Amino acid sequence: MSSEYLPYAVDADSPMKESELAVLRRQFESEGAYVGVQTKFNYAWGLIKSEKRLDQQLGVRYLTEIFKQYPERRRECVYYLALGNYKLGNYSEARRYNELLLDKEPANLQARSLQQLIDDKVTKEGMLGVAIVSGVTLVTGVVAAALWKGLQRKR
């Protein structure tokens, strides 16, 4: 990955402290059924930055709700939806949201940085998948050859 992108990708690897998330959670819960969109966004943002997968999933769910219900807030949500999906390993969804942002703001350094992270992760996991398939194929070939030799000896 190019170092020019590193300063802008800080959200991907900088978790929120549990005490900070607790403040956002209390505010969210205190508003009850009439939670404001900004409070919900702030809490979702904190959840995305959590180290806990269940928190990240909830954050993505809340951001998706905001994205669908408040068209005027989509710009605020799209980067964090991309980031949340990236952190959850949903790379196709992460790429889709990130491309929405890059279509509107091609020079957005956060989105360009996240695009690089997504591409790097997909490449890395793709190579791992190829290595696993190659290993399984090799083992299958060795076992098949051994069985074949065993059958040939019995004849």
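In this text the structure is predicted, and so the values were computed from the model without any measurement.

(A) Focus on the environment of V122. Relative to the helices and strands, V122 is located in helix α7 (residues 109–154). Residue classification places V122 among the partly exposed positions, given a relative accessible area of 32%. A sequence separation of 31 residues divides V122 from Y91, and the C-alpha atoms of the two residues are 7.2 Å apart. Here V122 is in contact with Y91 and R95, once residues within four sequence places are set aside.

(B) Fine view of the pattern of salt bridges. Counting across every chain of the model gives eight salt bridges. Here E65 and R61 are joined by a salt bridge, their closest N and O atoms 3.5 Å apart. Of this pair, E65 and R61 both sit in helix α4 (residues 53–69), four residues apart, which is roughly one turn of the helix. Judged by relative accessible area, which is 25%, E65 ranks as partly exposed. Looking at R61, the relative accessible area reads 48%, which means it is partly exposed. Through salt bridges with shared partners, a single network forms among E18, R25 and K52.

(C) Looking closely at the nonpolar core. Counting residues in hydrophobic clusters, the biggest one holds 33 residues, and the most contacted among them are Y43, L63, C77, L81, L83, Y86 and L114. Among the elements of the structure, α2 (18–30), α3 (37–48), α4, α5 (74–88), α6 (91–104) and α7 are those that each provide at least two residues to this core. Of the residues forming this core, the biggest block, nine residues, is contributed by α5. For Y43, the contacting residues outside a window of four places in its chain are L21, L24, R25, F28, L58 and Y62.

Calculation notes
- Residues numbered from 1 in each chain as written.
- Predicted model: local features only at pLDDT ≥ 70, side-chain atom pairs only at ≥ 80, totals over all residues.
- Heavy atoms only, no water.
- Helix = DSSP H or I, 4+ residues; strand = E, 2+ residues; numbered from the N terminus.
- Buried < 20%, exposed > 50% of the residue type's maximum accessible area, 1.4 Å probe, protein only.
- Contact = heavy atoms within 4.5 Å.
- Salt bridge = Lys/Arg side-chain N within 4 Å of Asp/Glu carboxyl O.
- Core = buried A, V, L, I, M, F, W, Y, C linked by side-chain atoms within 4.5 Å.

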